[in-house]
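A structural walkthrough
As a plain string of letters, each chain reads:
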Amino acid sequence: MFNFLNKFFASSNNIKSKFFDLQKSSSVKKIFEAFQDYSTDSEIRYVGGCVRKILNNEKVDDVDMATNLNPDEIKQVLKKKNIKFYETGKDHGTITAHINDEKYEITPLRSDVTTDGRHAKVEFTKDWRKDAERRDFTINSIYSDINGNLFDPFDGKKDLEEGKVIFVGSAEKRIKEDYLRILRYIRFFSNYSKLNHDLELKKVIKKNINGISNVSSERLLDEFKKIFNSNSIKQLCEDDFSLEVIRLIFPQFKNLQVLKNL
């Protein structure tokens, strides 16, 4: 029992030290302080990739945040503290703050009202769980305050540790909301999975693969670049299903196996 508690607290302290390192190496503290000073109810948290990378001991190369404030309130917060910003995702309310050549994407909590496999009409909310429910994978649905205290409604940290890439809720529903998630699944599987593909999920992906035609070539190529730059090409080339999906989406890359040798 004491060994378990020692491991638990050691792990918790280690995580918090990594978030503290991020504070020291960036201007992110100014963002958190600006939102804390705005009102007693305003909250902002790290979300998505930066949390996943910290938990997995990866280099953090961008910082995304979520807040319970709406876009106009976000702009008021930043103006009040003379922090430069610009709108980068008007449909989703995303504001990018700019401090010392560092960029921070800040997006209001939201839920999807309607989706068409490519775009989503959203409504803003103050419910953190609702925001988590519309995200793609459990490992991307982890939030953290500035000190490393996690809000993890779907046990994404546990899935990350166990090497599981699992959709939030229904995989088919998540895919039909945005067919790019098929390619995102391949990227995250190649990077993080320690298991084989789930057989039912393979069926769902094959059933919906034609929906990828709804996604712009720019978004597809951007996602492919992320796969190529993530050093997971070797793992991808050793996985028959991942290769099959890539070739179906990008028939021009039928000789992708050659990249493994490079």
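Up top you'll find the structure we're talking about.
The notes below deal with the structure included here. (Residues numbered from 1 in each chain as written. Predicted model: local features only at pLDDT ≥ 70, side-chain atom pairs only at ≥ 80, totals over all residues. Heavy atoms only, no water.)

1. Examining the overall build of the protein
Here is the rule: Counting from the N terminus, the helices are DSSP H or I runs at least four residues long and the strands are E runs at least two residues long. Burial classes follow relative accessibility: with a 1.4 Å probe on protein chains only, a residue under 20% of its type's maximum area counts as buried, one over 50% as exposed, and anything between as partly exposed. Working rule for contacts: check all heavy atoms of both residues, and any pair within 4.5 Å makes them a contact. Per-residue accessibility takes into account occlusion by the displayed protein chains alone, with areas from the Shrake-Rupley method and a 1.4 Å probe.
From N to C terminus, the protein includes 13 helices and 9 strands. For the protein, with 262 residues in total, the buried portion stands at 47%. Taking contacts inside the protein between residues at least 6 apart in sequence as the whole, the part at least 24 apart equals 60%. Carbon and sulfur atoms make up 48% of the accessible area of the protein, which totals about 14400 Å².

2. Here's the deal with helix 10 (residues 217–229)
Condition: The length a helix should cover is 1.5 Å for every residue beyond the first. Taking the helix axis as origin, the arc is that swept by the directions to the C-beta atoms.
Helix length check: helix 10 (13 residues) gives 18 Å between terminal C-alpha atoms against 18 Å at 1.5 Å per residue, within 8%. Turning to helix 10, its buried residues are Leu 220, Glu 223, Phe 224 and Ile 227. The buried residues of helix 10 occupy an angular sector of 100° when projected down its axis, which confines them to one face. Facing away from the buried side of helix 10 by over 90 degrees, the exposed positions are Glu 218, Lys 225 and Asn 229. Residues of helix 10 that are buried sit in contact with helix 8 (180–192), helix 11 (233–237) and helix 12 (240–249).

3. A few points about the packing of aromatic side chains
Stated precisely, the cut-off is as follows: Only centres within 6.5 Å qualify two rings of Phe, Tyr or Trp (six-membered ring in Trp) as a pair; their planes then separate them into stacked at under 30 degrees, edge-to-face at over 60, and tilted for everything else. Each ring is checked for a lysine NZ or an arginine CZ that lies within 6 Å of its centre and within 35 degrees of its normal; such an atom marks a charge sitting over the ring.
Taken as a whole and assessed by the stated rule, the structure comprises 11 aromatic pairs. The interplanar angle of 40° and the centroid separation of 5.7 Å between the aromatic rings of Tyr 185 and Phe 189 together place this pair among those described as tilted. Here Phe 189 and Tyr 185 lie together in helix 8, a separation of 4 residues that amounts to about one turn. In this structure an aromatic cluster arises from ring pairing among Phe 137, Phe 167, Tyr 185, Phe 188, Phe 189 and Tyr 192. Note that Arg 45 overlies the ring of Trp 128, its terminal NZ or CZ placed 4.1 Å from the centroid. Above the plane of the ring of Phe 188 lies Arg 187, whose end atom (NZ or CZ) is 4.6 Å from the centre.

4. A few points about the nonpolar core
Rule in force here: Nonpolar cores were defined as sets of buried Ala, Val, Leu, Ile, Met, Phe, Trp, Tyr and Cys residues, with membership established by side-chain atoms within 4.5 Å.
With 61 residues, the main nonpolar core has Ile 31, Phe 35, Tyr 46, Met 65, Tyr 185 and Ile 249 as its most contacted residues. By residue number, the principal contributor to this core is helix 8, which donates 8 residues. In this structure Ile 31 touches Ile 44, Met 65, Leu 78, Ile 83, Ala 97, Ile 99, Tyr 104 and Ile 106, once residues within four positions along its chain are discounted. Listed in part, the 8 residues of the second largest apolar core include Val 47, Leu 109, Trp 128 and Ala 132.

5. A word on the pairing of strand 2 (residues 63–67)
The cut-off we apply is this: Note: two strands are recorded as paired if DSSP finds a minimum of 2 bridges between them.
In terms of burial, strand 2 is a largely internal element, 4 of the 5 residues being buried. As defined by bridge partners, strand 1 (residues 44–47) adjoins strand 2 across 3 bridges and the pair is classed as antiparallel. Within strand 2, the residue paired with Ile 44 across the bridge is Thr 67. Relative to strand 5 (residues 102–108), strand 2 is paired through 5 bridges, and the arrangement is parallel. Bridge assignment links Ala 66 to a residue of strand 5, and that residue is Thr 107.

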